[in-house]
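What follows is each chain in one-letter form.
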Amino acid sequence: MPTPSDVDIWPLLGVRILVSDIELAPIDDRTALDLGRLAAGGIHGNFLPFNTPWTRGSEIDVARNVYRYHSRLRQEMSPERWSLEFAAKLDHTLIGVQSLSSEHFTTTRSAESASWLGHSWQGKGIGTLNRIAILTLAFDGLGADEVTTSAWADNLASNAVTRKLGYEPNGEERLDREGTVTVQKRFRMSRAMWDARGPELRPHTEMEGVDKLREWLQIA
């Protein structure tokens, strides 16, 4: 019997999504350490775009938070509950993270996307390409019926990408953000909306390793 390969053991390691000059690749321990350093170098100023304040603290605190988070997700991953975390790279340079998560996907066919970029890579249109890449995996690779996302009302950059891609509003709620009530807006992209997007939102896209991922996650 042949020795199992890395991808046999952990099929996510074989997945790649290429959109224009952006690559989404799986996060191993080495990459998680590098992402920790990237996040420690800055993602935002005093504004907090995340639900949990994992970017607060010293540079070491932030880097450790990133590493712990990705280690925990690997331990908890199962066909019933998963988070597919990808390192975003521009011309092989690490620039951030793009993720897709779901519970009971085989029943709901619904997933949620999230992301972050290092500060120096923001405002360059990269967020749109990252989102197109993960939506391609969700709809064309995994067979999703819908993908949701959310952002604080004052997260102008994230909400601009969401509007550009044609999501529909999906409600909002008032939440505590570091002791201040803040509105979080929710959005939804259906398969029909994804299929109807314009040519300007259809850059050349390639995917690798999705069949083994589907088999592992028991997605028919």
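Residues numbered from 1 in each chain as written. Predicted model: local features only at pLDDT ≥ 70, side-chain atom pairs only at ≥ 80, totals over all residues. Heavy atoms only, no water.

**Considerations on the sheet that holds strand S1 (residues 16-19)**
We count it as follows: In this description, strands pair whenever DSSP reports at least two bridges between them. Working definition: helices are DSSP H or I runs of at least four residues, strands are E runs of at least two. Numbering for both runs from the N terminus. Working convention: axes come from line fits to C-alpha atoms, limited for helices to the stretch in contact. Angles between N-to-C directions cover 0 to 180 degrees. Two residues form a contact once any of their heavy atoms are found within 4.5 Å.
With respect to topology, 9 strands assemble into an open sheet ordered S7-S8-S6-S5-S4-S3-S2-S1-S9, the strand pairing being mixed. A strand with exactly one partner marks an edge of an open sheet, and here the two such strands are strand S7 (168-177) and strand S9 (205-208). Within the sheet, the average angular offset between the axes of one strand and its neighbour, ignoring direction, is 25°. Note: strand S6 (residues 146-152) against strand S8 (residues 180-190), 7 bridges, orientation antiparallel. Within the sheet, the bridge partner assigned to Ser-150 lies in S8 and is Arg-186. Across the face of the sheet, helix H2 (residues 29-40) comes into contact with strand S2 (22-26), strand S3 (81-90), strand S4 (93-103) and strand S5 (110-117) while running at roughly 110° to S4. Against the sheet, helix H6 (residues 156-165) touches S6 and S8, its axis set at about 150° to S6.

**Notes on the packing of aromatic side chains**
Where two aromatic rings form a pair, the distance of their centres and the angle of their planes describe that pair. Put simply, the rule is: Note on aromatic contacts: the rings of Phe and Tyr and the six-membered ring of Trp form a pair at centre separations within 6.5 Å, being stacked when their planes are under 30 degrees apart, edge-to-face when over 60 apart, and tilted otherwise. Buried, partly exposed and exposed residues are distinguished by accessible area as a fraction of the type maximum, computed with a 1.4 Å probe on protein chains only: under 20%, between the cut-offs, and over 50%, respectively.
Applying the stated rule across the entire model yields 3 aromatic pairs. A ring pair is formed by Phe-139 and Trp-194, whose centres lie 5.6 Å apart and whose planes are at 20°; its orientation type is stacked. Placement of Phe-139 in helix H5 (residues 126-141) and of Trp-194 in helix H7 (residues 191-195) is noted, with a sequence separation of 55 residues between them. Accessibility expressed as a relative area gives 1% for Phe-139, which makes it buried. With relative accessibility at 1%, the residue Trp-194 sits in the buried group.

**Some points on the pattern of salt bridges**
Definition in use: By convention in these notes, a salt bridge is any Lys or Arg side-chain nitrogen within 4 Å of a carboxyl oxygen on Asp or Glu.
Counted under the stated rule, the structure contains 14 salt bridges. A salt bridge links Asp-29 to Arg-74; the nearest nitrogen and oxygen atoms lie 2.2 Å apart. Here Asp-29 is found in helix H2, whereas its partner Arg-74 is found in helix H3 (residues 59-76), with 45 residues between them in sequence. Given a relative accessible area of 36%, Asp-29 falls into the partly exposed group. A salt bridge links Arg-186 to Glu-173; its shortest N-O distance comes to 2.1 Å. On the criterion of sequence distance, the pair formed by Arg-186 in strand S8 and Glu-173 in strand S7 is long-range, its members being 13 residues apart. Classification of Arg-186 as partly exposed rests on a relative accessible area of 28%. On the basis of relative accessible area, Glu-173 is assigned to the partly exposed category, the value being 31%. Salt bridges here are not isolated pairs; linked through shared partners, they connect Arg-72, Glu-76, Arg-81 and Glu-103.

**Digging into the environment of Trp-216**
Structurally, Trp-216 is set in helix H8 (residues 210-216). Each C-alpha atom, one on Trp-216 and one on Ile-9, is 9.8 Å from the other, the two residues being 207 residues apart in sequence. With residues up to four places along the chain from it excluded, the contact list for Trp-216 reads Trp-10, Pro-11, Leu-12, Met-77 and Pro-79.

**What to know about H5**
Side chains of residues three or four places apart in an α-helix project in the same direction, reflecting 3.6 residues per turn. Keep this limit in mind: To estimate how far a helix should extend, the number of its residues minus one is multiplied by 1.5 Å.
A rise of 1.5 Å per residue sets the reference length of H5, with its 16 residues, at 22 Å; its end C-alpha atoms lie 21 Å apart and thus fit the reference within 8%. In terms of burial, H5 is a largely internal element, 14 of the 16 residues being buried. Among the residues trailing H5, Gly-143 stands out with phi positive, at a value near 80°.

**Here we look at the side chain of Gln-184**
Counted only if it meets this: N or O atoms within 3.5 Å of each other form a polar contact, as long as, within protein, one can give a hydrogen and the other can take it, and as long as residues adjacent in sequence are counted only when both atoms are side-chain atoms.
In this structure, Gln-184 sits in strand S8. Take Gln-184: its relative accessible area is 2%, and that puts it in the buried class. A distance of 3.2 Å separates a polar atom in the side chain of Gln-184 from a polar atom in the side chain of Arg-186. Leave out the neighbours within four places in its chain, and Gln-184 touches Asn-51, Ser-150, Ala-151, Trp-152, Gly-171, Glu-172, Glu-173 and Leu-175.

**Let's talk about the pairing of S3**
Counting buried positions along S3 gives 8 out of 10 residues, so the element sits mostly inside the fold. In this structure, S2 lies alongside S3, joined through 5 bridges in antiparallel fashion. Residue pairing across strands places Pro-26 opposite Phe-86, the latter belonging to S3. In terms of strand pairing, S3 meets S4 through 10 bridges, oriented antiparallel. Bridged to Leu-84 within S4 is Leu-100.

Read these as spatial facts, not as claims about activity.
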